[in-house]
Amino acid sequence: MNTKNNIFVTQPLLPPLEEFIPYLEKIWENKILTNGGPFHQQLEKALCEYLGVEYIALFTNATIALVTALQALRITGEVITTPYSFVATAHSLLWNGIKPVFVDIDPDTLNLDPTKIEAAITPNTTAIMPVHCYGHPCDVEAIQKIADVYNLKVIYDAAHAFGVKDEHGSVLNYGDLSVISFHATKVFNTFEGGAIVCPDAKTKQRIDHLKNFGIVDEVTVVAPGINGKMSEFNAAFGLLQLQHLDNAMQRRKVIDNYYREQLAAVSGIQCLGDAGEVIANYSYFPILVQPEYPMTRDALYAKFREQGIYARRYFYPLIADFPMYRGLPTSQHGNLPVAADAAAKVLCLPIHPALKQQDVELVIGVISAIP
Ligand SMILES: *Cc1c(COP(=O)(O)O)cnc(C)c1O
């Protein structure tokens, strides 16, 4: 079916091309394309300042960063994680030979439910990998308490949480490590990219070695590292994009607020509340299509598509339902009733800085127009 609308759930933030040319000229002049060049160093510094964190190690993408974070902390055995996320969260465990243990989520935040974690701990549990889903912070205090009691590491998949702050500052400072994503679909992008937020210089150094094959110097290799280095091209683009980010966040906030206001009166459409963050990043706009709504989630999804509006079912199916996970004892829906329910009801609406007001109205119109 042909439609004139082409409204996507997200669209990459692309500053004017001419602003990027000077960065490219600099790369050509320097003739340094990668291996921790000047733009790489500048971006690490700029991001530490922007985000309010001490140390950052840039990566080629967040998935390799997650795999490396687990290596850096020498995590083995079993790791407790959420089934309600992008599949890379659990894949990073399998790539390390770790068994994922799925624990259900909280119905209000859709983040890992800390009250369910303890029951899932076994003698083989070494870590917890929660996700700040849609950029809403996890119950970080409750999670840390459990980690302290059972001597577990905490690695946050913070792919959605760029720039998010609570009353203590950046949420990226919680846990032992946090991983952020700079993929094209995220609020801040470097085409592909990601980073590990590290608490101290020593940890950053170990991670920097691991992302460069374990190489320390010409004749010293200390670990079976990977190639996870961000290139100068990507780092330069990140530096440029940082200058446009505040405006982009502002536009996202306006759209978020407008959706909330307009959808408040629609029976059966539930907007997710915030999780107490002081500064949000408005990275996603999930709604839950409840039984009172006259259509199912999938019918609404199809109706959107007919109009050229590409809302997304994040996160459906659950990670636990994919073939490489569904045989695990914790993957049964009986163990994950809240996550299974959310996966059946969720729809992420278009939200990005280039989204026009008329497009927002169109989206709201489709939801409201049901007889
Ligand atoms: C995007 C995303 C990732 C993967 O990030 P990449 O940079 O694309 O590798 C991991 N976890 C979550 C929750 C994500 O949304």
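Our structure is the block above this text.
Cut-offs used in this document
Residues numbered from 1 in each chain as written. Predicted model: local features only at pLDDT ≥ 70, side-chain atom pairs only at ≥ 80, totals over all residues. Heavy atoms only, no water. Phe/Tyr/Trp six-rings, centres within 6.5 Å; stacked < 30°, edge-to-face > 60°. Helix = DSSP H or I, 4+ residues; strand = E, 2+ residues; numbered from the N terminus. Buried < 20%, exposed > 50% of the residue type's maximum accessible area, 1.4 Å probe, protein only. Lys NZ or Arg CZ within 6 Å of the ring centre and 35° of its normal. Pairing = 2+ DSSP bridges. Axes fitted to C-alpha atoms, helices over the stretch in contact; angles between N-to-C directions. Contact = heavy atoms within 4.5 Å.

Draft legend 1. Representation of the packing of aromatic side chains within the structure. Scanning the model with the defined rule gives 19 aromatic pairs in all. The interplanar angle of 55° and the centroid separation of 5.8 Å between the aromatic rings of Y134 and Y284 together place this pair among those described as tilted. Remark: Y284 occurs in the loop between strand 13 (269-271) and strand 14 (285-289) and Y134 occurs in the loop between strand 5 (125-129) and helix 5 (140-150); sequence separation between them is 150 residues. According to the relative accessible area criterion, Y134 is buried, its value standing at 1%. Among the residues examined, Y284 registers a relative accessible area of 14% and is labelled buried. Between the aromatic rings of F162 and F188, the centroid separation amounts to 4.7 Å while the plane-to-plane angle is 10°, which identifies the pairing as stacked. Taken together, the residues span a long stretch of sequence, with F162 in the loop between strand 6 (153-157) and strand 7 (165-166) and F188 in the loop between strand 9 (177-181) and strand 10 (194-198) at a distance of 26 residues. Every member of this aromatic cluster is reached through a ring pair, and the members are F20, Y23, F39, F191, F233 and F237. Above the face of the F59 ring, K211 is positioned so that its terminal group lies 5.6 Å from the ring centre.

Draft legend 2. Inspection of the sheet that holds strand 6 at higher detail. Ordered by their spatial adjacency, 7 strands build an open sheet running 2-10-9-6-5-3-4, and the pairing between neighbours is mixed. Both outer strands of the open sheet, strand 2 (55-59) and strand 4 (99-102), are each paired with one neighbouring strand and no more. Each strand of the sheet is rotated relative to its neighbour by a mean of 25°, with strand direction disregarded. As defined by bridge partners, strand 2 adjoins strand 10 across 5 bridges and the pair is classed as antiparallel. When the bridges of strand 10 are listed, Y55 appears paired with C198. Strand contacts of helix 2 (residues 38-51): strand 2 and strand 9, with the helix running at about 130° to strand 2, the strand carrying the most contacts. Contacting strand 2, strand 5, strand 6, strand 9 and strand 10, helix 3 (residues 62-72) runs over the sheet at an angle of about 170° to strand 9.

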